[in-house]
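Coordinate inspection notes
Next come the chains, spelled out residue by residue.
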Amino acid sequence: MKLNKLLALTLVTGAVVATASHLAYAVDQDIGATAEFREAVSLASVVDMDFGTIEYSAAAANNIDLSANAGTITCSNTTDYTCPASGTAGSANLNGTTGETVEISCETGGAVTDNTNSLTLSNAEVRIGGATTSCAGLGTSPATFTLTSGTDTVTVGARLEVGGSGIAAPGSYSTANTSGDPIGLRVVYQ
C-alpha cells in the first residue's frame, strides 16, 4: 500500500514537473504597426454649367450640347433657335495627394426648371487630362487620373433637351430652381 502511495506521488510530481517544464518554452513577440496618411481628396472652386442665352422663334425641338472641352455649344435645330457659339463648362479643381490616382464618376443627367416647367439634362461628360469621357452614373468610373503637383481641373458638359413641343415659357431655367436636379460628380482615390 505504501508502495502504491509512493508510486502515485511520484507520478503526480512528474506530471507537475513536466507541465512546469513545458511552460519554460513560452516566447514573447512584439507586433509592430505602420500607418500611411494622405490628404483627403476634395473639390474646390466649383463653377456651374452655363448654356448662355438661347433665342427661339418657334415652338420646336432642339438639343443644345455644351462640350466639357472649352464649353463649345452646338444646336441640333438652327432654324428655330439661335444658340451662342460657346458657354461655360462646369468645372471643379481637384485637391489631393500628388501622385495618387483618383476615379471620377458622374450622373448621366439632371434637369433645369423655371420653377414650373422642366427641361432634361442628358449625355453628361467629364474631361480631365485632355480626355473626355461620357458619364455612366455615380460609382461607375468613366475616368481615372493621377493627381499632379499643380491644380488639376475636371470639367463637365451635358446636353439640354428641348422636347417636340418647344419651350413652355421664356425665362431663366436652372438646376437651383424648384425641382431642378444638378449633375452629381464624385471623385475617390482608386
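In case you missed it, the structure is sitting above this.
A short tour of the structure in this document, coming up. (Residues numbered from 1 in each chain as written. Predicted model: local features only at pLDDT ≥ 70, side-chain atom pairs only at ≥ 80, totals over all residues. Heavy atoms only, no water.)

Moving on, we come to the side chain of Asp 114. With respect to the helices and strands, Asp 114 occurs in the loop between strand 8 (110-113) and strand 9 (118-128). It turns out Asp 114 is buried and unbridged, and the closest side chain with the opposite charge, Arg 159, is 21 Å from it. Polar side-chain contacts of Asp 114 include one of 3.4 Å to the side chain of Tyr 173. In this structure Asp 114 touches Ala 169, Ser 172, Tyr 173 and Asn 177, once residues within four positions along its chain are discounted. (Helix = DSSP H or I, 4+ residues; strand = E, 2+ residues; numbered from the N terminus. Buried < 20%, exposed > 50% of the residue type's maximum accessible area, 1.4 Å probe, protein only. Lys, Arg positive; Asp, Glu negative; His and termini not counted. Salt bridge = Lys/Arg side-chain N within 4 Å of Asp/Glu carboxyl O. Polar contact = N/O pair within 3.5 Å; in protein donor to acceptor, adjacent residues only side chain to side chain. Contact = heavy atoms within 4.5 Å.)

Within this structure, the stated rule accounts for two disulfides. Each disulfide pairs two cysteine sulfurs, and for Cys 106 the partner residue is Cys 135, the sulfurs being separated by 1.8 Å. Residues Cys 106 and Cys 135 are joined through a disulfide that is left-handed, its torsion about the S-S bond being -90°. Of this pair, Cys 106 sits in strand 7 (residues 101-106) while Cys 135 sits in the loop between strand 10 (131-134) and strand 11 (143-146); the two residues are 29 residues apart in sequence, bridging distant segments of the chain. Taken individually, Cys 106 and Cys 135 each receive the classification buried, so the pair is uniform in this respect. Ordering the disulfide-forming cysteines of the protein chain by sequence position, one finds them joined as 1-2, 3-4. (Disulfide = S-S within 2.5 Å.)

Turning our attention to unusual backbone geometry. Positive phi, normally seen in glycine, also occurs at Ser 45, with a value near 50°. Looking at where Ser 45 falls in the secondary structure, it is placed in strand 1 (residues 42-47). We note that Asn 123 has phi near 50°; this positive angle belongs to a residue other than glycine. One can find Asn 123 in strand 9.

This part takes up the pairing of strand 7. With four bridges joining them, strand 7 and strand 11 adopt antiparallel strand pairing. From the neighbouring strand, Glu 103 faces strand 11, where its bridge partner is Thr 144. Pairing analysis gives five bridges linking strand 7 to strand 13 (residues 185-189), with the strands arranged antiparallel. Bridge pairing in strand 13 places Ser 105 opposite Arg 186. (Pairing = 2+ DSSP bridges.)

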